[in-house]
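Next come the chains, spelled out residue by residue.
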Amino acid sequence: MIASLSTFGDCVTDGACLVNTGLSGLSVAMVLFLIASGLTLIFGVLRIVNFAHGTLYMLGAFAAYWVVSRMGGTDGNFWIALAVAPLVVAGIGGLVEVLLLRRIYGRPQYLQFLLTFGLILLAADVVRLTFGTEFKLISGPGPLSGSVSILGRPFPEYNLFLIGLAIAVAVGLWLMLQRTRLGRTIRAAASDREMTSALGVNVGLLFTVVFMLGAGLGGLGGALDAGRPVTIHPIMDVERVLQSFIVVVIGGLGSVGGALLGALIIAQVSAFGILLLPQFSAAFAFVIMAAVLLVRPWGLFGRPLEE
Amino acid sequence: MILNVDSISTYYGQSRILFDLSLGVDEGEVVALLGRNGAGKTTTLRSIMGLTPPRSGSVQFKGEAIEGKPPHVIARKGIAFVPEDRRIFPDLTVRENLDVARRKPKNGRDAWTVERVYALFTDLEKLDGNLGGHLSGGEQQMLTIARALVGNPELMLLDEPSEGLAPLLVQRLGDQLRQLKDEGMTILLSEQNLRFALSLSDRAYVIDKGEVRFEGTAAALEKDEKTRSAYLGL
Ligand SMILES: Nc1ncnc2c1ncn2[C@@H]1O[C@H](COP(=O)(O)OP(=O)(O)OP(=O)(O)O)[C@@H](O)[C@H]1O
Ligand SMILES: [Mg+2]
């Protein structure tokens, strides 16, 4: 305890450590944001809490593994995997929406829980049967697998790339939602599905598109983590998805901006918290969530539910 | 007849609301749909739009059966619905509300563009960047009609547009709807405000408990005190 307090103290008074830890936190925040933005987008528009969102993240990592191993496992193939994996997961998401979720819109909420929870178990088993039970790693991102020196400390190039890519996705998502007709239509359908359909919008198709987009974002998170690299296995999603749910709750269900802010808070608190109280670091996210909910039960950017 | 509703029955769950209701609207006509609270006016319009599809009977638009089709298909065939509770998208600006609804006209008529509806509803132009949720009741009423117009419909279903508006605004709304009528728009107008409705309409239907009780010209209804006192409480 005393040792870790001094570790924390040493780090926040040392510029290089501060920046390094902050950047590590940022790279985690960005993956959390990608996962959480998909989750919050799906909730905001479809009004479905997708408990299987972590499964989509896990499938993203496996899709990346599959592409890399199919192509011979050499460095550089990771980049192809990174492009393909989100598309594969979006496709799976499209099938899930059309074949299953459609049947439960507007039905009692426990059905959402049963259905999406069933999908978690099903997907984990299918993955085990297809890929086996041993942990997997994919060979790294080739040209970006080195480190750069930031204030004299090494920092992985890949994490810098990841931060940049996630920022680009965040900006793209914002532009799409605010500046395109598709985005306006998505926001309209999120607030009034029936009226939007009476204006000539095929809301069923729109929901499929939104679910595919949300699934693809979760899959992108998984593929990016696979390149970090983290070990790939059927329950690799547990920690990340738990944090993503906390991020969404803190930011406000349905708010993409809230997901970004929530991800930044949770990831930085975890990054610095582990220096302060390593044995309790997992609890920090919950403490923050409880604190936010006490002040704003609907999250930072959310709003009270009307219904 | 551009719209032909033939003997429809509509239910909410188990309770039957419309009983073999029939009505028709000719191209270029303004037809009033009158009735007390709970008579079934909204349900009739929702049945036509496909929002609460009729369980039996048929709805023909330009000779084509549309009952049972989803609302977005019906909307794209050229019917616009203006709900009584306006249903403006609160988080979208005035222009974004209009943008979502924009469709190209199917016939060669002059298209209703955002600029053209701003010329009709002059107050809306000033509110262009304001959020829908921040508009007053009267402004929302203008926007919901404008939003229907930019879809370039051939038939508009207006549900109690005068409801909740101050007298001065009702008068302005009347002028604006008359202008639409003069440009050839076909309108089925649900109303409780008899004077407002008759000042605009060619013909009228009076419904009560989901059944048609009167059908005839606006002038005939003016004279028919019995119908008015029995079903409209006037
Ligand atoms: N969603 C619903 N579920 C069950 N019953 C409904 C529903 N909506 C309306 N009703 C019932 O259907 C009947 C007709 O209602 P409707 O809204 O069509 O009447 P209206 O003529 O539009 O009345 P108002 O002038 O008050 O708008 C009423 O008895 C009403 O209580
Ligand atoms: Mg009504």
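What you are looking at is a predicted structure, and each value in this text was computed from that prediction instead of being measured.

A. Quick peek at the coordination of the magnesium ion (ligand 2). Only Thr42 of chain B (OG1) and Glu84 of chain B (OE) from the protein reach the magnesium ion (ligand 2) as donors, at distances of 1.9 to 2.5 Å. Of the two residues, Thr42 of chain B is situated in helix α1 (residues 41-49) and Glu84 of chain B in the loop between β8 (79-82) and α3 (94-101); the sequence distance between them amounts to 42 residues.

B. Region of interest: α3 of chain B. Within α3 of chain B, seven of the eight residues are buried, which leaves it mostly tucked inside the rest of the structure. Taken as a whole, α3 of chain B has its buried residues at Val94, Glu96, Asn97, Leu98, Asp99, Val100 and Ala101 of chain B. Against α6 (157-179) and α7 (181-191) of chain A together with α4 (114-120), α5 (122-126) and α6 (137-149) of chain B lie the buried residues of α3 of chain B.

C. How the structure looks around the packing of helix α3 (residues 53-70) of chain A against helix α9 (residues 203-226) of chain A. Residue and element names in this part refer to chain A. Between α3 and α9, whose axes approach to 7 Å, the crossing angle comes to 50°. As judged from the angle between their axes, α3 and α9 are oblique. In terms of crossing hand, the pair formed by α3 and α9 is right-handed. Every residue of α9 that contacts α3 at His53, Leu56, Tyr57, Gly60, Ala61 and Ala64 is listed here: Gly214, Ala215, Gly218, Gly219, Gly221, Gly222, Ala223, Asp225 and Ala226. Split into classes, the residues belonging to the contact of α3 with α9 amount to seven nonpolar, seven polar and one charged.

D. Broad picture of the pairing of strand β1 (residues 3-9) of chain B. Residues and elements named next belong to chain B. Across four bridges, the pairing between β1 and strand β4 (residues 21-25) is antiparallel. Looking at β4, one finds that Val5 is bridged to Leu23. Bridge count between β1 and strand β6 (residues 56-61): five bridges; the pairing is antiparallel. Pairing of Ser9 across the sheet is with Ser56, part of β6.

E. Spotlight on the nonpolar core. Ranked by internal contacts, the top residues of the largest apolar core, which has 81 residues, are Leu34, Leu46, Ile138 and Ile232 of chain A. The residues contacting Ile138 of chain A, other than those within four sequence positions of it, are Ala64, Tyr65, Val68, Phe78, Ala226, Pro229 and Ile232 of chain A. Listed in part, the 80 residues of the second largest apolar core include Leu3, Leu45, Tyr118 and Leu188 of chain B.

F. How the structure looks around the interface of chain B and chain A. Listed by partner, the interface residues are 21 residues for chain B and 18 residues for chain A. Of the roughly 1,900 Å² buried at the junction of chain B and chain A (both faces included), carbon and sulfur atoms supply 51%. For the interface between chain B and chain A, the tally reads six salt bridges. We note a salt bridge from Asp99 of chain B to Arg184 of chain A, for which the minimum N-O separation is 2.5 Å. In this structure, the connection of chain B to chain A is made through 12 residue pairs in polar contact (both at pLDDT 80 or more). Looking at the side of chain B that touches chain A residue by residue, the classes come out as 11 nonpolar, one polar and nine charged.

Rules behind the numbers
- Residues numbered from 1 in each chain as written.
- Chains lettered and ligands numbered in written order.
- Predicted model: local features only at pLDDT ≥ 70, side-chain atom pairs only at ≥ 80, totals over all residues.
- Heavy atoms only, no water.
- Donors = N, O, S within 2.8 Å, 3.2 Å for Na, K, Ca; no water.
- Helix = DSSP H or I, 4+ residues; strand = E, 2+ residues; numbered from the N terminus.
- Buried < 20%, exposed > 50% of the residue type's maximum accessible area, 1.4 Å probe, protein only.
- Contact = heavy atoms within 4.5 Å.
- Axes fitted to C-alpha atoms, helices over the stretch in contact; angles between N-to-C directions.
- Parallel < 35°, antiparallel > 145°, perpendicular 65-115°, else oblique.
- Left-handed = near helix turned anticlockwise from the far one by under 90°.
- Nonpolar A, V, L, I, M, F, W, Y, C, P; charged D, E, K, R; others polar.
- Pairing = 2+ DSSP bridges.
- Core = buried A, V, L, I, M, F, W, Y, C linked by side-chain atoms within 4.5 Å.
- Buried area = accessible area lost by both parts, 1.4 Å probe.
- Salt bridge = Lys/Arg side-chain N within 4 Å of Asp/Glu carboxyl O.
- Polar contact = N/O pair within 3.5 Å; in protein donor to acceptor, adjacent residues only side chain to side chain.

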